[in-house]
Amino acid sequence: MTKWLDQLIPKHVQALTPYESARRLFSSSGSEKRIWMNANESPEADTFSLSSDLLNRYPDCQPKGLISAYAHYAGTDSQQVIATRGADEGIELIIRAFCPPNESSILVCPPTYGMYAISAQTFAVGVEVAPLLEDFSLNLSAIQDHVGKVNVVFLCSPNNPTGTALSKTQIKAVLEMYADKAIVVLDEAYIEFNQTTAQQNLLDKFDNLVILRTLSKGFALAGIRCGFILSSQAIKQVLLKVIAPYPISDPVAQIACQALSDHGIAKMRSRVDFLKQELTKMSSELENIPTVTLMGSQCGNFVLFKSEHNKELMQYLVSKNVLIRDQSKQLLLDRCLRISIGNKDENRQLLKLIQQFFNELKNESLPLNTSKNETVK
Ligand SMILES: *Cc1c(COP(=O)(O)O)cnc(C)c1O
């Protein structure tokens, strides 16, 4: 890089490395046919109809029909809803609105979704950590230690990649601890897979609560980039100061409204039911493999497991063009891999490969054992 350009780059940007999203690690544009089970996407796409009538016009910043459709679905007031370019933009808006660069921090509870920390670093905002406990519940006393020192706390439930849901008691404890002190973000990206733990009812009680939602997971629409923020009106007004003028393109709003119609919601629910059944099957089959340990629980559309052969298994699957996600670099997740549930066929193929891998491993170790015996002899 030329010297002048190097000198132009702020220190905090120089320190960044691009987020290794599932899509960046393995691009979907290649010619090879691959099975994608690494990004918690839906295995199938729905179909939608599009009108081009308004494509000559700038869209509304917050399309009314979309906002009321989501409020209706979520059981909240339209005044509490913001539409964003995916939950990832929601994370970014919150940090930009509430964390002054170079002098403030957020708090994250790893192992968790990586974008909270990445987003903060992008805006020269510090990242404090209060790791989850061994059972992946919140370490409340570690979280308490940061009261007064951070502007935003990020919680994720169901949590990616542990699949665990937080108890209402723990969530309320954090909201109370940080009352009048900081924003508490509850990321509910996977809430469609675990409806009973949805916490939008807490919005009326806690004015520091912000909930993140998305159409990327349960609604099978990762490709359109559409998410939502649920919050008090006061917080909403602040976030609307930093949002782009046209975050939701007209085709995105059209598709999202169809997905949020009664018919769209019914389709989502039956897809989610199916995926949950497949997830249960996959988890119990994995559990039957000796040396494989399930980790956390399965409240999302994915399963996390541990194997001492994680590296070799990952390589083996990549060589067979089946992609799952390595989580072994995360805190508490040494040797862990995550599988996103696919369609029936994909799940069957993946399981067969995993079983094959462990069988081959067993057979390979036989000659080793015999040679050991021979030396003894
Ligand atoms: C996938 C995911 C997101 C991002 O959702 P988008 O709407 O696609 O940006 C946010 N949070 C968690 C926990 C996720 O797993």
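Because the structure is predicted, anything quoted here is derived from the model rather than measured.

The rules behind these values
Residues numbered from 1 in each chain as written. Predicted model: local features only at pLDDT ≥ 70, side-chain atom pairs only at ≥ 80, totals over all residues. Heavy atoms only, no water. Pairing = 2+ DSSP bridges. Helix = DSSP H or I, 4+ residues; strand = E, 2+ residues; numbered from the N terminus. Contact = heavy atoms within 4.5 Å. Axes fitted to C-alpha atoms, helices over the stretch in contact; angles between N-to-C directions. Near = heavy atom within 4 Å. Polar contact = N/O pair within 3.5 Å; in protein donor to acceptor, adjacent residues only side chain to side chain. Areas by Shrake-Rupley, 256 points an atom, 1.4 Å probe, with all protein chains shown as cover. Nonpolar A, V, L, I, M, F, W, Y, C, P; charged D, E, K, R; others polar. Parallel < 35°, antiparallel > 145°, perpendicular 65-115°, else oblique. Left-handed = near helix turned anticlockwise from the far one by under 90°. Phe/Tyr/Trp six-rings, centres within 6.5 Å; stacked < 30°, edge-to-face > 60°. Buried < 20%, exposed > 50% of the residue type's maximum accessible area, 1.4 Å probe, protein only. Lys NZ or Arg CZ within 6 Å of the ring centre and 35° of its normal. Salt bridge = Lys/Arg side-chain N within 4 Å of Asp/Glu carboxyl O. 1 Å grid on protein atoms, 1.4 Å probe; cavity = no way out; pocket = protein on both sides within 12 Å on 5 of 7 lines; lining within 4 Å. Points joined across faces, edges and corners; volume = space filled by probe spheres on them. Core = buried A, V, L, I, M, F, W, Y, C linked by side-chain atoms within 4.5 Å.

A. Layout of the sheet that holds strand β10 (residues 302-307). Taking strand neighbours across the sheet as the criterion, the 4 strands line up as β9-β10-β13-β12 in an open arrangement whose pairing is antiparallel. The two strands at the open ends of the sheet, each matched to only one other strand, are β9 (292-295) and β12 (325-326). In the sheet, β12 pairs with strand β13 (residues 336-340) via 2 bridges, with the strands oriented antiparallel. By the bridge assignment, D326 is partnered in β13 with L337. Contacting β9, β10 and β13, helix α11 (residues 262-287) runs over the sheet at an angle of about 10° to β10. On top of the sheet, helix α12 (residues 310-319) reaches β10, β12 and β13; it is set at about 35° to β13, its chief contact.

B. Looking closely at the site of the ligand. Every one of the 13 residues lining the ligand counts as a neighbour, but A87, D187, Y190, T214 and K217 are closest to it. Contact distances for the ligand include 2.6 Å between a nitrogen atom and a side-chain N or O atom of D187. Calculation on the ligand without its partners gives an accessible area of 390 Å², and the protein chains cover 94% of this total. For the shell around the ligand, the element with the highest residue contribution is helix α5 (residues 86-98), accounting for 3 residues. Looking at side-chain class alone, the shell around the ligand contains 5 nonpolar, 4 polar and 4 charged residues.

C. Local environment of the packing of α5 against helix α6 (residues 115-122). Running from N to C, α5 and α6 point in directions that differ by 45°, and their axes come no closer than 9 Å. By the criterion of interaxial angle, the relationship of α5 to α6 is oblique. Taken as a pair, α5 and α6 cross one another with a handedness that is right-handed. Between α5 and α6, the residues in contact are D88, I91, E92 and I95 and M115, Y116, S119 and A120, respectively. Considering only residue class, the contact of α5 with α6 consists of 5 nonpolar, 1 polar and 2 charged.

D. Spotlight on the packing of aromatic side chains. In this structure the tally under the stated criterion is 9 aromatic pairs. A ring pair is formed by Y116 and F154, whose centres lie 4.6 Å apart and whose planes are at 15°; its orientation type is stacked. With Y116 in helix α6 and F154 in strand β5 (residues 152-156), this pair connects stretches of sequence that are 38 residues apart. For the pair Y316 and F357, a centre-to-centre distance of 5.4 Å together with 50° between the ring planes defines the contact as tilted. One end of the pair, Y316, is in helix α12; the other, F357, is in helix α13 (residues 344-376), with 41 residues separating them in the sequence. Each member of the pair, Y316 together with F357, is buried. Here the aromatic residues Y70, Y73, F219 and F228 are joined through ring pairs into a cluster of three or more. Stacked on the ring of F302, the Lys or Arg R338 has its end atom at 5.8 Å from the ring centre.

E. Local environment of the pattern of salt bridges. Applying the stated criterion across every chain, the model contains 8 salt bridges. Across the salt bridge formed by R85 and E89, the nearest N and O atoms sit 2.8 Å from each other. Salt-bridge contacts for R348 lead to D345; the nearest nitrogen and oxygen are separated by 3.4 Å. Placement of the pair is R348 and D345 together in helix α13, with a separation of 3 residues, close to one helical turn. Assessed through its relative accessible area of 52%, R348 is described here as exposed. Accessibility expressed as a relative area gives 40% for D345, which makes it partly exposed. In this structure, a network of salt bridges that share partners links the residues E278, K281 and K344.

F. A look at empty space enclosed by the protein. Overall, the coordinates contain 1 cavity of 30 Å³ or more when judged by the stated rule. Considered as a void within the structure, the largest cavity measures approximately 90 Å³ in volume. Along the lines of polarity and charge, the residues of the lining of the largest cavity split into 9 nonpolar, 3 polar and no charged.

G. Fine view of the nonpolar core. In this structure, Y178, L215, L286 and I339 are the most contacted members of the largest nonpolar core, which totals 85 residues. Beyond its immediate stretch of four places on either side in the chain, L286 contacts V292, L294, V303, F305, I339, L351 and I354.

H. Broad picture of α6. Among the residues of α6, M115, Y116, A117, S119 and A120 are the ones counted as buried. In this structure, the buried residues of α6 make contact with α5, β3 (105-108), β4 (126-129), β5 and β6 (183-187). Positive phi appears at A124, one or two residues downstream of α6, with a value of about 60°.

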